[in-house]
Amino acid sequence: MGERDEPGTIGRRVQQLRVERGLTQKQLAEPVYTPAYISTLEAGRVRPSDDALRHLAERLGVAFDELATGRSARLVTELHLRLTEAQRTLAVGETEAAVGQYAGLLAEAEAQGLTEEQAAALLGLGECALETGELVEGREYFERAEARLAEAPLPARVPALRGRAVAHYLAGELRYAVYLLESTIDELNRGGLHDPDALLLLYASAIGPYMDMGAHARAAQAAEFALALAPQSGDPALVARMHRSVARTLLAEGRLAEADASLAKAAELYRGLQLRTELANCHWMRGYVYAQNGELERAETEMREALRMLAAKRASLYSSQVTVELADVLHRRGSSEEAAALLEDVLGGLSPERGAVHAAAAHRLLGIIAEDAREAERAEEHYVRAMSLLERAGAAGDLADLCRLLGDLLRRTGRVEAALDAYRTGLGHRTAPGTTTLGPAPAQPPV
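Residues numbered from 1 in each chain as written. Predicted model: local features only at pLDDT ≥ 70, side-chain atom pairs only at ≥ 80, totals over all residues. Heavy atoms only, no water.

Section: the side chain of histidine 55
Consideration 1: Along the polypeptide, histidine 55 turns up in helix α4 (residues 50-60).
Consideration 2: A relative accessible area of 12% means that histidine 55 is categorised as buried.
Consideration 3: Dropping the residues within four chain positions of it, histidine 55 is found in contact with Leu28, Ala29, Glu30, Pro31, Val32 and Tyr33. (Helix = DSSP H or I, 4+ residues; strand = E, 2+ residues; numbered from the N terminus. Buried < 20%, exposed > 50% of the residue type's maximum accessible area, 1.4 Å probe, protein only. Contact = heavy atoms within 4.5 Å.)

In structure tokens form, the structure reads like this:
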């Protein structure tokens, strides 16, 4: 019948409930058991059978699970219902409200000793922190969730591992983020744990770090894997809402197992909605590949779709990165004015501490647009700003390319010595060990 408390704990619980209801040991025992058996049981000297617990639960007017574990099955199911409500709140972008819901749920789950529910609440708080840019707090929530699930199978721990990796990525720790994601993928594959949801989450989350590290081929491969693994659903929010409504009805009728099953389906769909950012990244990656192949119209379509999905999720940092790529496509298609407007808008929401690589990419492209317009002084100003941001972020590959652009501009304007300095700086970054080199790619999952 699953886990239950120790005999001593159950005995004390039986005695407390019996006394509260004003029953003697003889009244509780009849007609199946003896007062002596009840006395022995209350003293914790015997482990009651399932039949004995059912008899006692009926006489005491409580559920079997409540007598065996101290937890009401109804309360646990109601907690699951509130967890899906919190997931819905976060999925529609009401982050502050979601924080309050998850914090309350965490306190209740801890009071009830519900490990899995504690982990779910901590994961929710971690996702909220990522949304608001509180990266250190987010990482700590994910670490706590992972600790709660230490004994669970790896697929169950993947959301916490992925959350921790994303927190490191957004903080600019690209290589460690990639290490966490790739090592988890490899561990899943080695153990034969080909869980589609877990693999989708990991591959989709690796795209951003891959791109920032210059590992474009690996990013494209991860995007294709993720899109192949992505579940197809028409309107997940609508279906999830239906499952929540059904669960409420079943709960009111006392059909707890069925209510829990509906809530599990709703929770899965809300997790899918929270994947919107990662799936948007896959469309962005496809757009990037099309742009590299010169298929600019298809690239623009994919990137605009990515931006549409991200706007619905309010994922500002990811939106900025896609916007820079879209601006590059528009510039190459001759719409430089629209591209420059997009980039200036992006820069308004970024800072050296939050989105330095994206801000540098925007300045780099604005410099190129200024060069095309023969505004050399303005172009140089954008390149210098981009260099400062990239040096701070440690994005050596991008920095080397930027030094080449700046050197070419300085050479064309007659400042040969300054151009040579820029080229030397770029070469130093290009040859720095371990800047973009990654280990072997994770094995392909069975798709």
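Structural notes on the environment of tyrosine 169
Consideration 1: For tyrosine 169, the position within the fold is in helix α10 (residues 154-170).
Consideration 2: For the pair tyrosine 169 and aspartate 212, spaced 43 residues apart in the sequence, the C-alpha separation amounts to 9.6 Å.

Regarding the pattern of salt bridges
Consideration 1: Per the counting criterion, the structure on display carries 27 salt bridges.
Consideration 2: Notably, a salt bridge pairs arginine 332 with aspartate 328, separated by 3.7 Å at the nearest N-O pair. On the criterion of helical spacing, the pair formed by arginine 332 and aspartate 328 is a turn pair, its members being four residues apart in helix α18 (residues 316-332).
Consideration 3: Its relative accessible area of 23% is what places aspartate 328 among the partly exposed residues.
Consideration 4: Several salt bridges converge on common partners, so that one network encompasses Arg364, Asp401, Arg404, Asp408 and Arg411. (Salt bridge = Lys/Arg side-chain N within 4 Å of Asp/Glu carboxyl O.)

Some thoughts on the packing of aromatic side chains
The description of an aromatic ring pair uses the distance of the two centres, along with the angle that the planes make with each other.
Consideration 1: According to the stated counting rule, one finds three aromatic pairs in the structure shown.
Consideration 2: Measuring from centroid to centroid gives 5.1 Å for tyrosine 33 and tyrosine 37, while their planes differ by 20 degrees, and the two rings are stacked. (Phe/Tyr/Trp six-rings, centres within 6.5 Å; stacked < 30°, edge-to-face > 60°.)

Focus on the environment of glutamate 338
Consideration 1: Among the structural elements, glutamate 338 can be located in helix α19 (residues 336-347).
Consideration 2: Judged by its relative accessible area of 37%, glutamate 338 is partly exposed.
Consideration 3: When the C-alpha positions of glutamate 338 and alanine 327 are compared, they lie 7.6 Å apart, and in sequence the two are 11 residues distant.
Consideration 4: When neighbours within four sequence positions are excluded, glutamate 338 is seen to be in contact with Arg304 and Leu330.

Quick look at unusual backbone geometry
Consideration 1: Cis geometry marks the peptide bond from glutamate 30 to proline 31, where omega comes out at 0 degrees.
Consideration 2: Relative to the elements of secondary structure, proline 31 occurs in the loop between α2 (25-29) and α3 (35-42).

Re helix α12 (residues 196-213)
Consideration 1: Compared with an ideal rise of 1.5 Å per residue, which puts 18 residues at 26 Å, α12 spans 26 Å between its outermost C-alpha atoms and is within 8% of the ideal.
Consideration 2: Residue isoleucine 207 marks the point of greatest curvature in α12, where the axis turns by about 30 degrees; the proline proline 209 follows within four residues.
Consideration 3: Counting buried residues in α12 gives 16 out of 18 residues, a clear majority hidden from the surface.
Consideration 4: Backbone geometry just after α12 places glycine 214 at a positive phi near 85 degrees. (Expected span 1.5 Å × (residues − 1). Bend = angle between axes of the 7 residues up to and from the residue.)

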